[in-house]
Amino acid sequence: MNGLTDRLQMIADEIKQGETMADIGTDHGFLPLYLWENGISPSVIMCDISEPSLAKAKAAAGAYQFGRELDFRAGDGLKILKAGEVDAIVIAGMGGLLIRDILAADMEKTCSFRKYILQPRNNAAHLRYWLVSKRFEITKNQLVREGKFICEVITALSPKSSENGDMGFTDTLPSPDDPCWDLPKDIIPLQPDLARDYAAVKLGIEEKILEGMHRSSNVTDCALRRVERRIDYFRSYGYEI
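As the structure is a prediction and not an experimental result, all values here were calculated from the model. (Residues numbered from 1 in each chain as written. Predicted model: local features only at pLDDT ≥ 70, side-chain atom pairs only at ≥ 80, totals over all residues. Heavy atoms only, no water.)

Novice: Which parts of the structure should I look at to understand the pairing of strand S6 (residues 137-146)?
Specialist: Where a strand is regular, its side chains alternate between the two sheet faces. Note: S6 against strand S7 (residues 149-157), 9 bridges, orientation antiparallel. What sits directly across from Lys140, in S7, is Thr155. (Pairing = 2+ DSSP bridges. Helix = DSSP H or I, 4+ residues; strand = E, 2+ residues; numbered from the N terminus.)

Novice: How should the sheet that holds strand S1 (residues 21-24) be read in this particular structure?
Specialist: Strand pairing in a sheet takes place through backbone hydrogen bonds and is either antiparallel or parallel in direction. If you trace the 7 strands from one edge of the open sheet to the other, you get S3-S2-S1-S4-S5-S7-S6, paired in mixed fashion. Looking at which strands have only one partner, the edges of the open sheet turn out to be strand S3 (70-74) and S6. When strand polarity is set aside, the average angle formed by the axes of neighbouring strands in this sheet is 15°. As paired strands, strand S5 (residues 115-120) and S7 are joined by 4 bridges and run antiparallel to one another. Following the sheet pairing, Leu118 is matched in S7 by Ile154. With respect to the sheet, helix H2 (residues 30-37) is in contact with S1, strand S2 (44-48), S3 and strand S4 (88-94), its orientation differing from that of S1 by roughly 165°. Set on the sheet, helix H8 (residues 192-215) makes contact with S6 and S7; between it and S6 the angle comes to about 80°. (Axes fitted to C-alpha atoms, helices over the stretch in contact; angles between N-to-C directions. Contact = heavy atoms within 4.5 Å.)

Next up, the structure:
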């Protein structure tokens, strides 16, 4: 098969040599096929709730689909996997709230898998907050361009694979609407240019929200201060980089 997009390559790079993996919502199956063909993952499971989508993965696999190392399964989320069946789970291209719900559906099974690579299309902040509140350890936050969008990739270890899962917060977590969940500080040294661009995107969104609030007669001072704090955060983030 041809090479991966930058987004999928970033996800692939989070899978270590010898790790088995399952791709939830695999669609064409490009990522797991790449990992298997390049000898990175000795076995892969391609999962999709849609039979037609799974057929795309089978078509992409061609003759390989008959090998014992490739497994195709139609079903919902993690339900079609056995507990601890693979080392790593990839869930990419879904909304952050949907990813959260997939993980929350059966926490015992979710925690039986060691590592997660998650690429939410939206609501990444809510997903990060949920992960940390459930004591997952977020080991890496990354950004990658895909066309006109900047995508977020989150790598996390399950609570049973991590001694602490609180991103350094000990007693209490920042509130769910704290902007640190939208744009974690660890992205600055890792990807300064993309972080600056993403901070600008977030800043623009918050400034439009503030403009709308000023035109409204039914906005509390607390709500205004919340948005102003977010604007200050994203603005200073850009200056710090």
